[in-house]
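Chain residues, written in single-letter form:
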There are 2 protein chains.
Amino acid sequence: MKQTKRLNLVEIARLAGTSKSTVSRVLQDQPRVSPKTRARVKEVIKKYNYEPSMFARGMTGAQTGLIAVLARWMESGFFADVIRGIDDAVKKKGGFLLCSFAEEHEEYVRLWRTLTGRGQADGVIMIAPSMDLFKEPFNPYDKPVVLCASRVPEDAAEGWDAVSAVTTDNVGAMRTLVTALADAGYRDMVHIAGLPDNVDAQQRKSGFLSAVVSHPGVQGCVIDGACTSEQGYGLMNDYLDAHTGLPDIFVCFNDSVAFGALRALRERGRRVPEEVGITGWDDEVVANDISLTTVHMPVAELGKASAEALFDSVERKSGAASGKVTMIETPICVRSTTRPL
Amino acid sequence: MKQTKRLNLVEIARLAGTSKSTVSRVLQDQPRVSPKTRARVKEVIKKYNYEPSMFARGMTGAQTGLIAVLARWMESGFFADVIRGIDDAVKKKGGFLLCSFAEEHEEYVRLWRTLTGRGQADGVIMIAPSMDLFKEPFNPYDKPVVLCASRVPEDAAEGWDAVSAVTTDNVGAMRTLVTALADAGYRDMVHIAGLPDNVDAQQRKSGFLSAVVSHPGVQGCVIDGACTSEQGYGLMNDYLDAHTGLPDIFVCFNDSVAFGALRALRERGRRVPEEVGITGWDDEVVANDISLTTVHMPVAELGKASAEALFDSVERKSGAASGKVTMIETPICVRSTTRPL
DNA sequence: GTGAAAGCGCTAACAT
DNA sequence: ATGTTAGCGCTTTCAC
């Protein structure tokens, strides 16, 4: 019952009657191997269930198959869904996921360096990083990075323009939403926006404002500062305390805010959607339970596309990443907190 | 702008005026180093921000700092919270998280082997594994495993008795809940249970049944088969179609089921908690928004305790893991879908 | 208490 | 097309 020694390259080579270089070549699908030998080696590998050591690989500076995922803490299962999408893509390549979380900027950057240094990941997927990140220079010799649910801002430090991103079009989606609402007869709109340091929040807000302007007859105003349902609940109560009337609709930054706001509305006896409409953003699982009209974020798809973009960058060793931005569509889910749109 | 070569042991040794063996000893906090030398080495390490290569470490068979997390797919952010707790604990040790997901048993076992083989993790945390897992033999030379939100069943295959677990007491918590409900005057209870192949579901169900029996004057029945909110919604509609009256309370397997059931109740004009009470289980973030009375699962704590238990097993290299079972408390959160408890 | 030296399992020149 | 060899950066005997 003692630990059987791990199978290694040399052993495989011996079993296949060849040398370890040849086996190594087969492993990497390199060209200069005769079809016959290749077949023989592959057979042995399969037969003995051999898997090359990630560590030995890493030592030589070759690809390790390790993909790092760096995230900030977020409630609402967003992370879980992204990671699932990433896992799907990474698994197909036989790689591993190295996950880490950081709250503060310093810690975030430190982890980034460590993950691609000590924990030699082939590349990093950064999930919705803080905008502070882009003050950090991105060196040409840094391991590939893909931004997920984010993109490089105009004023980023040097080097970031080569970094790819997979994200959604907040501005466009918000304009689409406002247009749909306007078409459905909603005129007086209040946007409960997100926090000032949140990029998505700013984009949705600017989308909201520009859309309102471009729809004659529609008027809108913005309330700042909600991200959690508790905040949504508080802001809605503040609003109801300060105003006698109601707008036609509350367009919330995200589902959580909408949940909280909705709870406040219902507690104060306001009927939704009869008296007032409300919309969220994200389409969390419970949005369906609550029957909230919202904008669907295809989160797993974001993750999957990010991983694919990363493989793209990793494979073109030739340096120069693409700096490509992939946009994922975000359809509107019409439910019963609004009239049919 | 060229790639600066990574700092290594030899370089640190040179800078500290000693040999690499000594540096290695310092790194591992080994005893046979003079305090003076140790201090000097530590200083250099700190000054140059040196971090030893995980790969070189792995090559020698030493600990790698890699902790594997193996999960099945679960909705509702459960995974995200556990992983966060695990990350907290692992980060303190300077380790990394290797995350993987598997749906099917075969795949699960394959990943387990790969993670501790090719991707030489020091140990594995298995989140709520399928019970099929325990049919697989656990070999004495396997890397340490800790079960999170699960525990070794009676009829497990050989070797599993040495495996530690961190979990909650479903049976006890359900008995506590039923007792509290009974004390609050609820008499006629219906338990909307989970799926038959779900261990938690079975435990909660058996807790429910045994508690009902031990409370004279209380009667209860069980409806099987809900896990998602959609299923809760469907089952509740079925129930309302089949019965003219209502029980005093619906005790649901989890929050999702409760959300769905609640939605159905409200759509049919039933008032909660005036006409009927309803409880969930998990205390998801939105449970608060919906103001659902539920049992709080301290998910991040489960993760944290699991990681700590794993370190415990990893460190006692002496073979024999403890087989210790850590129970995490699950308090009841009383909100407004029941009367005060 | 310290250092020298032998690997760990692979990749990547460099022969042939 | 295939084999030989020199490392990669660490841990770990084994001498001193």
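Now for a description of the structure that goes with this document. (Residues numbered from 1 in each chain as written. Chains lettered and ligands numbered in written order. Predicted model: local features only at pLDDT ≥ 70, side-chain atom pairs only at ≥ 80, totals over all residues. Heavy atoms only, no water.)

**Some points on the protein's contact with DNA strand D**
The test is simple: Any residue with a heavy atom positioned within 4 Å of a molecule or strand is treated as near that molecule or strand. Here a polar contact is recorded for every N or O atom pair within 3.5 Å, except that within protein the pair must consist of a potential hydrogen donor and a potential acceptor, and residues adjacent in sequence are included only if both atoms are side-chain atoms. Only DSSP runs of H or I reaching four residues or more are called helices, and only runs of E reaching two or more are called strands; each is numbered from the N terminus. In this classification, Asp, Glu, Lys and Arg are treated as charged, Ala, Val, Leu, Ile, Met, Phe, Trp, Tyr, Cys and Pro as nonpolar, and every other residue, Gly included, as polar.
Every one of the 29 residues lining DNA strand D counts as a neighbour, but Thr18(A), Ser21(A), Leu9(B), Lys20(B) and Tyr50(B) are closest to it. Expressed as a percentage, the sugar and phosphate content of the atoms of DNA strand D within 4 Å of the protein is 51%. Separating a phosphate oxygen of DNA strand D from a side-chain N or O atom of Arg57(B) is a distance of 2.5 Å. The separation between a sugar or linking oxygen of DNA strand D and a polar side-chain atom of Thr60(B) is 3.4 Å. Among the elements of the structure, α2 (20–27) of chain A together with α2 (20–27) and α4 (54–59) of chain B are those that each provide at least two residues to the surface near DNA strand D. Here the residues of the surface near DNA strand D are counted per class, giving 8 nonpolar, 14 polar and 7 charged.

**A look at unusual backbone geometry**
All names here are of chain A. Look at the link from Val272 to Pro273: it is a cis peptide, with omega at 5°. Counting through the fold element by element, Pro273 comes out in the loop between α10 (255–267) and β9 (277–279). A positive phi angle is found at Ser291, which is not glycine, with a value near 65°. The topology assignment puts Ser291 in the loop between α11 (285–290) and β10 (294–295).

**So, the side chain of Thr22(B)**
Residue and element names in this part refer to chain B. Definition in use: Each residue is placed in one exposure class: buried if its accessible area under a 1.4 Å probe, protein chains only, is under 20% of its type's maximum, exposed if it is over 50%, and partly exposed if it falls in between. Working rule for contacts: check all heavy atoms of both residues, and any pair within 4.5 Å makes them a contact.
In this fold, Thr22 is placed in helix α2. Under the relative-accessibility criterion, Thr22 is labelled buried at 14%. Other than its neighbours up to four places away in sequence, Thr22 contacts Val33 and Thr37.

**Observations regarding the interface of chain B and chain A**
In many reports, interface size means the accessible area that the parts give up when they come together. Test applied: Buried area is understood as the total, over both parts, of accessible area removed when two parts are fitted together, assessed with a 1.4 Å probe. Any Lys or Arg side-chain nitrogen found within 4 Å of a carboxyl oxygen on Asp or Glu counts as a salt bridge. One bridge is not enough; two strands pair if DSSP finds at least two bridges between them.
Each side of the interface is counted separately: chain B has 53 residues, and chain A has 52 residues. Roughly 4,900 Å² of surface becomes buried between chain B and chain A when both sides are summed, with 62% attributable to carbon and sulfur atoms. Viewed at the interface, chain A and chain B are joined by 4 salt bridges. The closest approach of N and O atoms between Arg84(B) and Glu103(A), which form a salt bridge, is 3.8 Å. Our count for the chain B to chain A interface comes out at 12 residue pairs in polar contact (both at pLDDT 80 or more). Among the secondary structure elements, those contributing two or more residues to the side of chain B that touches chain A are α4, α5 (78–92), β2 (96–101), α6 (105–116), α9 (229–242), α10 (255–267) and α11 (285–290) of chain B. The element contributing the most residues to the side of chain B that touches chain A is α5(B), with 7 residues. Both strand β2 (residues 96–101) of chain A and β2(B) contribute to a ladder of 3 bridges, which runs antiparallel. Across the sheet, the residue bridging to Leu97(A) is Cys99(B), located in β2(B).

**As for the pattern of salt bridges**
With the rule as written, the count across this model stands at 35 salt bridges over all chains. The shortest N-O distance in the salt bridge between Glu107(A) and Lys91(B) comes to 3.6 Å. Of the two residues, Glu107(A) is situated in helix α6 (residues 105–116) and Lys91(B) in helix α5; the pairing between them involves two chains. Residue Lys91(B) is classed as partly exposed on the basis of its relative accessible area, which comes to 27%. Where Arg263(A) meets Glu230(A), a salt bridge forms, and the shortest distance between an N and an O atom there is 3.5 Å. One end of the pair, Arg263(A), is in helix α10; the other, Glu230(A), is in helix α9 (residues 229–242), and 33 residues separate them in sequence. On the accessibility criterion, Glu230(A) (41% relative accessible area) is partly exposed.

**Here's the deal with the packing of aromatic side chains**
The cut-off we apply is this: Here a Phe, Tyr or Trp ring, Trp counted by its six-membered ring, pairs with any other such ring whose centre lies within 6.5 Å, and the pair is stacked when the planes are under 30 degrees apart, edge-to-face when over 60, and tilted otherwise.
What the rule picks out here adds up to 15 aromatic pairs over all chains. Their ring planes at 65° and their centres at 6.3 Å tell us that Trp73(A) and Phe101(A) sit as a pair that is edge-to-face. In this pair, Trp73(A) is assigned in the loop between β1 (66–71) and α5 (78–92) and Phe101(A) in strand β2, connecting sequence segments 28 residues apart. Classification of Trp73(A) by relative accessible area gives partly exposed; the value is 27%. Relative accessible area serves as the criterion here: at 2%, Phe101(A) is assigned to the buried category. An angle of 45° between the planes, with centres 5.1 Å apart, marks the rings of Phe138(B) and Trp160(B) as tilted. Here Phe138(B) is found in the loop between β3 (123–127) and β4 (145–148), whereas its partner Trp160(B) is found in the loop between β4 and β5 (164–168), with 22 residues between them in sequence. Taking the relative accessible area as the measure of exposure, Phe138(B) reaches 9% and is therefore buried.

**Things to note about the sheet that holds strand β7 (residues 219–223) of chain A**
Residues and elements named next belong to chain A. Selection rule: The axes are straight lines fitted to the C-alpha atoms, using for helices just the contacting stretch, and the angles between their N-to-C directions are given from 0 to 180°.
Pairing within the open sheet is parallel, and its 4 strands lie in the order β7-β6-β8-β9. One side of each edge strand has no neighbouring strand; the edge strands of this open sheet are β7 and β9. Shown here is a sheet whose adjacent strand axes are inclined to one another by a mean of 20°, direction ignored. Bridge count for strand β6 (residues 188–192) against strand β8 (residues 249–252) is 4 bridges, and the pairing is parallel. Counted as the bridge partner of Met189 is Ile249 from β8. Seen against the sheet, α9 touches β6, β7 and β8 and runs at an angle of roughly 140° to β6.

**Points about empty space enclosed by the protein**
To locate leftover empty space, one rolls a probe as large as a water molecule over the atoms. Stated precisely, the cut-off is as follows: Of the two site types, the cavity is a set of points on a 1 Å grid over the protein atoms alone where a 1.4 Å probe fits but cannot get out, and the pocket is an open set with protein on both sides within 12 Å along at least five of seven lines, each lined by residues with an atom within 4 Å of a point. Grid points are joined across faces, edges and corners, and a volume is the space filled by probe spheres set on the points.
Counted under the stated rule, the structure contains 1 cavity of 30 Å³ or more. If you add up the space inside the largest cavity, you get close to 40 Å³. Forming the walls of the largest cavity are Arg118(A), Pro52(B), Ser53(B), Met54(B), Arg57(B) and Thr64(B). In terms of residue class, the lining of the largest cavity is built from 2 nonpolar, 2 polar and 2 charged.

**What about the protein's contact with DNA strand C?**
Around DNA strand C sit 27 residues in total, of which Leu9(A), Lys20(A), Tyr50(A), Thr18(B) and Arg25(B) are the nearest. Close to the protein, within 4 Å, the atoms of DNA strand C belong to sugar or phosphate groups at a rate of 55%. The separation between a base oxygen of DNA strand C and a polar side-chain atom of Arg25(B) is 2.3 Å. Only α2 and α4 (54–59) of chain A together with α2 of chain B provide two or more residues apiece to the surface near DNA strand C. Among the residues making up the surface near DNA strand C, the classes are represented as 7 nonpolar, 13 polar and 7 charged.

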